[in-house]
Amino acid sequence: TSTPKFYEGVEVRERAVGESISAIAVPVKPADFATYEVLAAYLTSPLSELSQSISSASFEKYSQAGLFSLYVKGEASAVASSIKKVVSALKGGVNLSSATGYAATKLALANESAVIASEIDVANVKDFKLGKFNYVALGDVHNLPYADEL
């Protein structure tokens, strides 16, 4: 099989009625699976000050690549403020060492019901700093930031 292509820096904006959503997504190489596994667990846990601003964060693993995604939902001005706060914090760097035990426990519980157990060792994950990402704005896009404003 060939190595998958990774796309970063893509932005999509779509007007829609109802709740507004801003999302970021990062394609992940297998060597970085442990970091993104811990990051997804950390961002939605009480360990993170950002957890109240984030609607969901997840990390999907595939054989040759992974996808980390983070969503902020709600009223457009609140979404705009929250996504800016979250991206700014992630670009500034986050110490994940306090979340490795939490992430390991979540992985162990998921492995109990998984068809194929995940063999990711998260013990050595320390820091994370957000680089390039893809961005989606949906809803009241006039009040949601552009990717270059994050």
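Refer to the structure presented above.
Residues numbered from 1 in each chain as written. Predicted model: local features only at pLDDT ≥ 70, side-chain atom pairs only at ≥ 80, totals over all residues. Heavy atoms only, no water.

(A) Structural detail: the environment of Val 17. Within the secondary structure, Val 17 sits in the loop between strand 1 (11-15) and strand 2 (20-28). Judged by relative accessible area, which is 86%, Val 17 ranks as exposed. In this structure, the C-alpha to C-alpha distance between Val 17 and Leu 138, residues 121 residues apart in sequence, is 9.1 Å. (Helix = DSSP H or I, 4+ residues; strand = E, 2+ residues; numbered from the N terminus. Buried < 20%, exposed > 50% of the residue type's maximum accessible area, 1.4 Å probe, protein only.)

(B) Molecular detail of the pattern of salt bridges. For the structure on display, the rule yields 2 salt bridges. For Arg 13, the salt bridge identified is with Glu 11, shortest N-O distance 3.4 Å. For Arg 13, a relative accessible area of 22% corresponds to the partly exposed category. Linking Lys 61 and Glu 37 is a salt bridge whose minimum nitrogen-to-oxygen distance equals 2.8 Å. Residue Lys 61 is found in strand 3 (residues 56-61), and its partner Glu 37 is found in helix 1 (residues 33-43); the two are separated by 24 residues along the sequence. Taking the relative accessible area as the measure of exposure, Lys 61 reaches 32% and is therefore partly exposed. (Salt bridge = Lys/Arg side-chain N within 4 Å of Asp/Glu carboxyl O.)

(C) Quick look at the sheet that holds strand 7 (residues 134-139). Within the open sheet, the 5 strands sit side by side as 1-7-2-4-3. Their pairing is mixed. Only two strands of the sheet have a single partner each, and these edge strands are strand 1 and strand 3. Between one strand and the next, the sheet's axes are offset by a mean angle of 15°, whatever the strand orientation. Bridge count for strand 2 against strand 4 (residues 66-74) is 9 bridges, and the pairing is antiparallel. The residue bridging Ala 23 from the neighbouring strand is Tyr 71, located in strand 4. Helix-sheet contacts for helix 2 (residues 76-92) involve strand 2, strand 4 and strand 7, and the interaxial angle to strand 4 is about 145°. (Pairing = 2+ DSSP bridges. Axes fitted to C-alpha atoms, helices over the stretch in contact; angles between N-to-C directions. Contact = heavy atoms within 4.5 Å.)

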